[in-house]
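Single-letter residue listing:
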Amino acid sequence: MRVRSQRLHMLCYTMMAVPSSTYPRHLLPLFLGLFQGALLLFFALFVIYEEPSAQAEDTNLVAKQVYRTFPFFQDIQVMLVVGLGLLLTFLPRYGFSALTHNFLLLNFSMQWALVLQGLLHHFHHGQIHLDLHKLLISEFAAVTVLISVGAILGRASPCQLLIMATCEIPSYLASEWVIVTCLGVLDVGGTITIHVFSCYFGLGVSKALFKATQQPLHPKKTPTTSSDLMSLVGTLILWVFWPSFVAVLCQPGDAQHRAILNTLLAMSAGAITTVVASSLLERDGKLSPGHLQNGSLAGGVAIGVVADMAMPPVAALALGSLSAVVCVLGFRFLTALLRRKLALHDQCGIHNLHGLPGILGAAASVAAVLVASEDTSGSQPSQLSPAGGNGSEVVQGRWGGRQALCQAAGLAVAIGASLLAGLLTGAALGLPCLARPPERLCFDDSLYFKIQDQAESPGPDSSAEEGALALKEQV
Amino acid sequence: MRVRSQRLHMLCYTMMAVPSSTYPRHLLPLFLGLFQGALLLFFALFVIYEEPSAQAEDTNLVAKQVYRTFPFFQDIQVMLVVGLGLLLTFLPRYGFSALTHNFLLLNFSMQWALVLQGLLHHFHHGQIHLDLHKLLISEFAAVTVLISVGAILGRASPCQLLIMATCEIPSYLASEWVIVTCLGVLDVGGTITIHVFSCYFGLGVSKALFKATQQPLHPKKTPTTSSDLMSLVGTLILWVFWPSFVAVLCQPGDAQHRAILNTLLAMSAGAITTVVASSLLERDGKLSPGHLQNGSLAGGVAIGVVADMAMPPVAALALGSLSAVVCVLGFRFLTALLRRKLALHDQCGIHNLHGLPGILGAAASVAAVLVASEDTSGSQPSQLSPAGGNGSEVVQGRWGGRQALCQAAGLAVAIGASLLAGLLTGAALGLPCLARPPERLCFDDSLYFKIQDQAESPGPDSSAEEGALALKEQV
Amino acid sequence: MRVRSQRLHMLCYTMMAVPSSTYPRHLLPLFLGLFQGALLLFFALFVIYEEPSAQAEDTNLVAKQVYRTFPFFQDIQVMLVVGLGLLLTFLPRYGFSALTHNFLLLNFSMQWALVLQGLLHHFHHGQIHLDLHKLLISEFAAVTVLISVGAILGRASPCQLLIMATCEIPSYLASEWVIVTCLGVLDVGGTITIHVFSCYFGLGVSKALFKATQQPLHPKKTPTTSSDLMSLVGTLILWVFWPSFVAVLCQPGDAQHRAILNTLLAMSAGAITTVVASSLLERDGKLSPGHLQNGSLAGGVAIGVVADMAMPPVAALALGSLSAVVCVLGFRFLTALLRRKLALHDQCGIHNLHGLPGILGAAASVAAVLVASEDTSGSQPSQLSPAGGNGSEVVQGRWGGRQALCQAAGLAVAIGASLLAGLLTGAALGLPCLARPPERLCFDDSLYFKIQDQAESPGPDSSAEEGALALKEQV
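Residues numbered from 1 in each chain as written. Chains lettered and ligands numbered in written order. Predicted model: local features only at pLDDT ≥ 70, side-chain atom pairs only at ≥ 80, totals over all residues. Heavy atoms only, no water.

Comments concerning the overall build of chain A
And step 1. A count of helices and strands for chain A gives 14 helices and three strands.
And step 2. Looking at chain A as a whole, 64% of its 475 residues are labelled buried.
And step 3. In chain A, of all internal contacts separated by at least 6 residues, the share reaching a separation of at least 24 is 83%. (Helix = DSSP H or I, 4+ residues; strand = E, 2+ residues; numbered from the N terminus. Buried < 20%, exposed > 50% of the residue type's maximum accessible area, 1.4 Å probe, protein only. Contact = heavy atoms within 4.5 Å.)

Concerning the packing of helix H4 (residues 95-121) of chain A against helix H5 (residues 132-149) of chain A
All names here are of chain A.
And step 1. Orientation of H4 relative to H5, taken along the N-to-C sense of each, is 130 degrees, at an axis distance of 8 Å. When the axes of H4 and H5 are compared, the pair comes out oblique. In terms of crossing hand, the pair formed by H4 and H5 is right-handed. Side by side, H4 and H5 meet where Asn102, Leu105, Leu106, Ser109, Met110, Ala113, Leu114 and Gln117 of the first sit next to Lys134, Leu135, Ile137, Ser138, Glu139, Ala141, Ala142, Val145, Leu146 and Val149 of the second.
And step 2. For the contact of H4 with H5, a count of residues per class yields twelve nonpolar, four polar and two charged. (Axes fitted to C-alpha atoms, helices over the stretch in contact; angles between N-to-C directions. Parallel < 35°, antiparallel > 145°, perpendicular 65-115°, else oblique. Left-handed = near helix turned anticlockwise from the far one by under 90°. Nonpolar A, V, L, I, M, F, W, Y, C, P; charged D, E, K, R; others polar.)

Some points on the interface of chain B and chain C
And step 1. The interface is formed by 65 residues belonging to chain B together with 68 residues belonging to chain C.
And step 2. In total, about 5,900 Å² of surface goes out of reach between chain B and chain C, with carbon and sulfur atoms giving 71% of it.
And step 3. Counting across the interface, chain B meets chain C through one salt bridge.
And step 4. Ionic pairing is found between Lys450(B) and Glu282(C), a salt bridge with its closest N-O pair at 2.8 Å.
And step 5. For the pair chain B and chain C, the interface holds eleven residue pairs in polar contact (both at pLDDT 80 or more).
And step 6. Among the secondary structure elements, those contributing two or more residues to the side of chain B that touches chain C are helix H2 (27-46), strand S1 (47-49), helix H3 (56-87), helix H4 (95-121), helix H5 (132-149) and helix H14 (463-474) of chain B.
And step 7. By residue number, the principal contributor to the side of chain B that touches chain C is H3(B), which donates 14 residues.
And step 8. For the side of chain B that touches chain C, the residue count by class is 40 nonpolar, 20 polar and five charged. (Buried area = accessible area lost by both parts, 1.4 Å probe. Salt bridge = Lys/Arg side-chain N within 4 Å of Asp/Glu carboxyl O. Polar contact = N/O pair within 3.5 Å; in protein donor to acceptor, adjacent residues only side chain to side chain.)

Notes on the packing of H4(B) against helix H9 (residues 254-281) of chain C
And step 1. At their nearest, the axes of H4(B) and H9(C) sit 9 Å apart, and the two run at 125 degrees to each other. Classified by the interaxial angle, the pair formed by H4(B) and H9(C) is oblique. Handedness of the H4(B)/H9(C) crossing: left-handed. Within the contact between the two elements, H4(B) uses Phe103(B), Leu104(B), Asn107(B), Phe108(B), Met110(B), Gln111(B) and Leu114(B) and H9(C) uses Leu265(C), Ser268(C), Ala269(C), Ala271(C), Ile272(C) and Val275(C).
And step 2. Among the residues making up the contact of H4(B) with H9(C), the classes are represented as ten nonpolar, three polar and no charged.

Quick notes on the relation of the copies chain B and chain C
And step 1. Rotating chain B by 120 degrees and translating it 0.0 Å along the rotation axis places it on chain C, where the RMSD comes to 0.0 Å. A rotation of that kind, with that shift, is consistent with a three-fold axis.
And step 2. The two copies present different faces, since only 5% of the interface residues in chain B are matched by interface residues at the equivalent positions in chain C. (Least-squares fit on C-alpha atoms with pLDDT ≥ 70 in both.)

A few points about the sheet that holds strand S2 (residues 123-124) of chain C
And step 1. Pairing is mixed across the open sheet formed by three strands, whose spatial order is S1-S3-S2 (chain C). Among the strands making up the open sheet, the edge pair consists of strand S1 (47-49) and S2 of chain C.
And step 2. Pairing geometry for S2(C) and strand S3 (residues 127-130) of chain C, over two bridges, is antiparallel. Counted as the bridge partner of Phe123(C) is Ile128(C) from S3(C).
And step 3. The sheet strands contacting helix H9 (residues 254-281) of chain A are S1 and S3 of chain C, and the helix crosses S1(C) at an angle near 145 degrees. (Pairing = 2+ DSSP bridges.)

Side note on the side chain of Lys286(A)
And step 1. Following the sequence through the fold, Lys286(A) ends up in the loop between H9 and helix H10 (289-303).
And step 2. Although Lys286(A) lies buried, it forms no salt bridge, and the closest oppositely charged side chain, Asp284(A), sits 5.0 Å away as judged by the N-O distance.
And step 3. Within polar-contact distance, the side chain of Lys286(A) engages the backbone oxygen of Ser446(C) at 2.8 Å.
And step 4. With sequence-adjacent residues up to four places away left out, Lys286(A) is seen in contact with Ser278(A), Ser446(C), Leu447(C), Tyr448(C), Phe449(C) and Lys450(C). (Lys, Arg positive; Asp, Glu negative; His and termini not counted.)

Section: the interface of chain A and chain C
And step 1. Between chain A and chain C, the residue contacts involve 68 residues of the former and 65 residues of the latter.
And step 2. Buried area between chain A and chain C, summed over both chains or domains, comes out near 5,900 Å², and the portion from carbon and sulfur atoms is 71%.
And step 3. Our count for the contact surface shared by chain A and chain C stands at eleven residue pairs in polar contact (both at pLDDT 80 or more).
And step 4. Listing elements by their share of the side of chain A that touches chain C, those giving two or more residues are helix H1 (2-15), helix H3 (56-87), helix H8 (225-247), H9, H10, helix H11 (313-342) and helix H14 (463-474) of chain A.
And step 5. Element by element, the count of residues in the side of chain A that touches chain C is highest for H9(A), at 18 residues.
And step 6. Its residues assigned to classes, the side of chain A that touches chain C comprises 36 nonpolar, 19 polar and 13 charged.

Let's talk about the nonpolar core
And step 1. Counting 446 residues, the largest nonpolar core has Leu32(A), Phe43(A), Leu32(B), Phe43(B), Leu32(C) and Phe43(C) as its most contacted members.
And step 2. Leave out the neighbours within four places in its chain, and Phe43(C) touches Leu265(A), Pro313(A), Val314(A), Leu317(A), Leu114(C) and Leu130(C). (Core = buried A, V, L, I, M, F, W, Y, C linked by side-chain atoms within 4.5 Å.)

Notes on unusual backbone geometry
And step 1. The backbone of His125(A) shows a phi angle near 55 degrees, a positive value even though the residue is not glycine.
And step 2. Along the chain, His125(A) falls in the loop between strand S2 (123-124) and strand S3 (127-130).

Re a nonpolar patch on the surface
And step 1. On the surface, a cluster of nonpolar side chains totalling about 270 Å² of accessible area is made up of Leu119(A), Leu120(A) and Phe123(A).
And step 2. The topology assignment puts Leu119(A) in helix H4. (Patch = residues over 30% accessible without salt bridge, like charges linked within 9 Å, V, L, I, M, F, W, Y side chains within 5 Å. Areas by Shrake-Rupley, 256 points an atom, 1.4 Å probe, with all protein chains shown as cover.)

A look at the packing of aromatic side chains
And step 1. Scanning the model with the defined rule gives 39 aromatic pairs over all chains in all.
And step 2. With a centroid separation of 4.5 Å and 50 degrees between ring planes, the pair formed by Phe35(A) and Phe108(A) is classed as tilted. Of this pair, Phe35(A) sits in helix H2 (residues 27-46) while Phe108(A) sits in helix H4, and the two are 73 residues apart along the sequence. An identical accessibility class is assigned to Phe35(A) and Phe108(A); each is buried.
And step 3. Lying across the ring of Phe210(B), Arg155(B) places its NZ or CZ 4.1 Å from the centre. (Phe/Tyr/Trp six-rings, centres within 6.5 Å; stacked < 30°, edge-to-face > 60°. Lys NZ or Arg CZ within 6 Å of the ring centre and 35° of its normal.)

So, the relation of the copies chain A and chain C
And step 1. Between chain A and chain C, which share one sequence, the superposing operator has a rotation angle of 120 degrees and an axial displacement of 0.0 Å; the RMSD is 0.0 Å.
And step 2. Looking at the interface residues of chain A, only 4% of them are also at the interface in chain C, so each copy uses its own face.

Observations regarding the environment of Cys199(B)
Residue and element names in this part refer to chain B.
And step 1. Along the chain, the position of Cys199 falls in helix H7 (residues 191-209).
And step 2. Residues Cys199 and Gly355, 156 residues apart in the sequence, show an inter-C-alpha distance of 5.5 Å.
And step 3. Apart from residues lying up to four places away in sequence, Cys199 is in contact with Ile350, His351, His354 and Gly355.

Here's the deal with the sheet that holds S3(A)
And step 1. Reading across from one edge, S1-S3-S2 (chain A) is the order of the three strands in this open sheet, with mixed pairing throughout. In the strand order of this sheet, the two ends are held by strand S1 (47-49) and S2 of chain A, each with one partner.

Topic: the pairing of S3(C)
Consecutive side chains along a regular strand alternate between the two faces of the sheet.
Residue and element names in this part refer to chain C.
And step 1. Across the two faces of S3 the burial differs, with Ile128 and Leu130 buried and Gln127 and His129 not buried at all.
And step 2. Here three bridges tie S1 to S3, and the two strands are oriented parallel to one another. The residue of S3 that forms the bridge with Val47 is Ile128.

Notes on helix H5 (residues 132-149) of chain C
And step 1. Its 18 residues place the ends of H5(C) 26 Å apart at the C-alpha level, agreeing with the 26 Å of an ideal helix rising 1.5 Å per residue.
And step 2. Taken across its 18 residues, H5(C) has 16 buried, putting it largely inside the fold. (Expected span 1.5 Å × (residues − 1).)

Thoughts on the environment of His291(C)
All names here are of chain C.
And step 1. Mapped onto the elements, His291 comes out in helix H10 (residues 289-303).
And step 2. Overall, His291 belongs to the buried group, its relative accessible area being 4%.
And step 3. Sequence separation of His291 and Thr274 is 17 residues, and the distance between their C-alpha atoms is 6.9 Å.
And step 4. Non-local contacts of His291, meaning those with residues more than four positions away in its chain, are made with Thr274, Ser278, Glu282, Ser296, Val328, Phe331 and Arg332.

Points about H9(C)
And step 1. The end-to-end C-alpha distance of H9(C) is 40 Å, a good match for the 40 Å that 28 residues give at a rise of 1.5 Å each.
And step 2. In terms of burial, H9(C) is largely enclosed, as 26 of its 28 residues are buried.

A closer look at the confidence of the model for chain A
The predicted structure's coordinates, where accompanied by low pLDDT, should not be read in detail.
Residue and element names in this part refer to chain A.
And step 1. Scored by pLDDT, chain A has a mean of 85; 83% of the residues are at 70 or more.
And step 2. Counting contacts from residues 454-475, a segment whose pLDDT is below 50, to residues more than four positions away or on other chains yields 62 contacts.
And step 3. As scored by the predictor, the complex reaches a pTM of 0.90 and an ipTM of 0.89. (pLDDT = per-residue confidence, 0-100.)

Put into structure tokens, the structure is as follows:
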């Protein structure tokens, strides 16, 4: 019976024409156009390239840095544009929007972060020198937006998403400045600064924007086999290139080598443990696609903060496994609990993929710092602390305790700042002028794109049936 | 009413069996087999590898060059084989053909260019020394064919496409020799030599081949959601790796660094401006998938010719934005106009993606050269001109004027030569022996591949309906 | 008539609910969980990272090695996780399983190989030093499992696949030790050690597991257009990155450069020859998707064993063409013959893609060694033999004869050992506790995954029809 009523729902959704007044057509181009204009002005006034190197040695150095950074940079671009984009296509009628909005937000946020970071950190004598490293840092800032969006995927208009990005980037920069510069938190892979921050920012937005709405499962939200397959391909692309994301900002040499290995181990252990956990938790031992799509990546989220630290390989394996378990448990129990108890919607389950493993990683970094500070025989403390240590045991012990506190404080700052900023942003997104789509039109590409009516493509509720019905009416 | 008559059309197309006589089955293997035989003979007689390096230093040098070039080379391979292939799969019943023909043409054209370039440029003492750089140059030649094919996608037989490639490669090599070697045009990313040339060559072929045919919209040409999604994935892959395409042939060091940055900026601005332009031009502010798939890449086409020049970052942003606007305007108005006024068919809109932005890029290069030649304080002219300059203002000014003229002349040569060669090639392709498929069988994989009847896969016109009809007839 | 009965079959298959007793739900997580636990213990006891480099020079060296190996490593990861995964999705209702099982097996086999190789080769003073190179070697071992699985794709449970991997990895390590270390076989791309071995291992398993079953074509085995398209995308990804797979373990410098070039030439020739062969062999000259998906890669399989040898470029072209012909001929005639005469099932045709081209490559290596040993004027023997040669003609000639014998012996060992190990493994897989799925439930994702009923997605037999039937029953 439930299936049939769902189908009727579906037909209603499909047959209702989208009224042209729902969507204020000029807001999006106006906003984006003004932004591009302002960006041009800003670049014209302030941004220049580095002076060309005068000497052959400098040229060689530049070349070397390009060859070192650029392959990593490309890997990360593939992750964000193709991998993450495809991962979000699991909603069967919202794939085109997911891919396009992800792409648009990446570009917008990256440019916006470039402007803000230029003003804040790189403004010397009225000029900002642009290089590949600064673009990379801006790209990292943009990642936070792409993650946060997962909480409200399919239910917000592009304008809302852009306003959200506009608010999130400065919040991220402020929070990252406090965490990394003031507190001196070690977080080479962005576990705390990026993953934890963006998760709770997204949840804050979702909570403030959709506070009281408690509705039944939207029929367009059920993935189809082919949308699940596309999403899994996205997961695999992210899985493959994750080590590049974690290791790109490491010190070349041992630290980077170790970061790559740790990430590979954590992701490999996470992939297998996901299968174990999903199989144990689901009825009949069948695996859930959602668990696979997310759990396989949880190890990568958690390992970021400790990837370049001097810890034994077994720690990376254990952290990867544990993250995957936590992530799958989150999907199985926590998401529903949050929806029931807190009326908190988390469309993609970012709390399970980014929040919980991120917190786990932060805890692991506290432990790693404490262990490393007590272990004076083995690894050098300089591997851990950029501030270095003079090797004396007492100093090292003190450093360890202080650093461990800092890591914990960094986590607290990330969670607190992001929740606050997210709630405020979510409240702002509720403004009527931003045109949140009505619930019945959500999760559908045809609201934003001139595409073929999706009734003819295989939806979750038999397109055949709708086609046949339509036929009957025609004949 | 229009929809129903379209559906009837569709059914007719589907139900008509393909007569086996339409397609001369032995022409394709015969042609390709002979070509492979000739290639083997050519390689056996003339082509050898470089002598192995005698000394450790040389070995290091070779290794260094391999590590420098190979990642870029792989990126470009991904672009051409996977990215461009997927971009062309937007025709819902022609995806397999688009991907396969693209792949076949890439290999054929690359081998054919290897032979011709070996004979023309690298023939010393009866031998041709093969290395990765020469393969890369041949790959660039092959790109022209892959672009040109877009004008007649779905309407030409594989044999016609191969003959087209056979004619286009020598035309390209001649035109590139005139433009780069004789005129000294600066065009590191191939904007003029590759994009503009291949666009007008393709249009010439299309004009000569389909001159008088003015038919209604072919029902199989309407993309479905899933074919649009695949095509967008192709766009995103191209978008990500475009900087590698532009920068691979740059001088290592500052010039290459600048080329990468300029391309990234242009493509990022282009992506956002595409959304602005498409949203403003379409009814209801909805975005058109075709605009996104092409406009996002227009910035990369235009930036190629100026990417390594010493210009401010704002110029790259502006050029990227402008190209995207021009491209979207082209799709919105020009394509239909050309079809109506000139009976010119441009299936993929290559004129909008490669022609217009290419001309814009060429104009930008004229401006960049003129500005650089007047600006004696800042950047060194050696960054611009491979011929260098001795720094005196007068000489530099003269160099600038002459070089600007050359850039303009290069554009004229590219357009003129390609149109002429394209028209001639198109006329040759009309020979009956090449078996152009009849219009009603176009845009369909089943003409060339042993695949499942596509009526059962979701086509633009409800597969459900056809299925139901078929069922009724059976019952 | 055949079509209608097939459709009825199909409906029966679809409508029969999967009894929950068929699949022992706890076996998979139990096995994997125990394995992960043991792995953690093993890592905790024995595995450490290299000591951090004490000096700046060492750091530079480590950095250099990372930058040299890591891009190749990533390419290979893309091949195995995304490319090979997608290639296996040609079964329309088994795509999700193919992708997931491939991913799971890669991780499991890699970890298992890491343990075994650590114990066998790298165990010093109770410790195993982990680095990127050892991970890469383990990844190569895992490839054998991924290839072998192709023979029984869709007909074995995940538990069976894992047991198969558990048996195959030690067999591979033993066989590889005999072939490379004892016999001194030159095989830089793994043609003999990986491709030939895994092919005959897979065939052995298939023979022992499905010995007497001779059934009609399973309706779910017919690819649809969209599953064929996904599979072709997988082929193209493999095609693009194949040179990285072959060249990653070569000596940097000339040998690696040559390996890349040889692989590119062989794969390019193979792609074109596949079209020729498929077109000649199929009715009406239409191309078969299966031929394209496999034949295009055959050149890469064959070239591996000779890729870094000093042979003329024409040899690579010829070998690539020949492999493609052999592969297509195998698909056209041999697969059916093996099924009829030997009751041997080879689901993906791994014998055509890995077995035949592998044997061809081994034969080519014998010829290359013999030719090189007689040719004293040109290339240095040290390019061929790691053992080197002092240049005297007699010694070289002797070396050549001995080495040629070794290559042949290596091939014989690979075939013999893999067949034996495969047959034994296959017999073990027949144990009832491993829960081989009954034939009527094979080739279906829904046996292992909680996914939407695939009846609604476009299957090979009109989803429309089933939908319409279901509708009739409801109305």
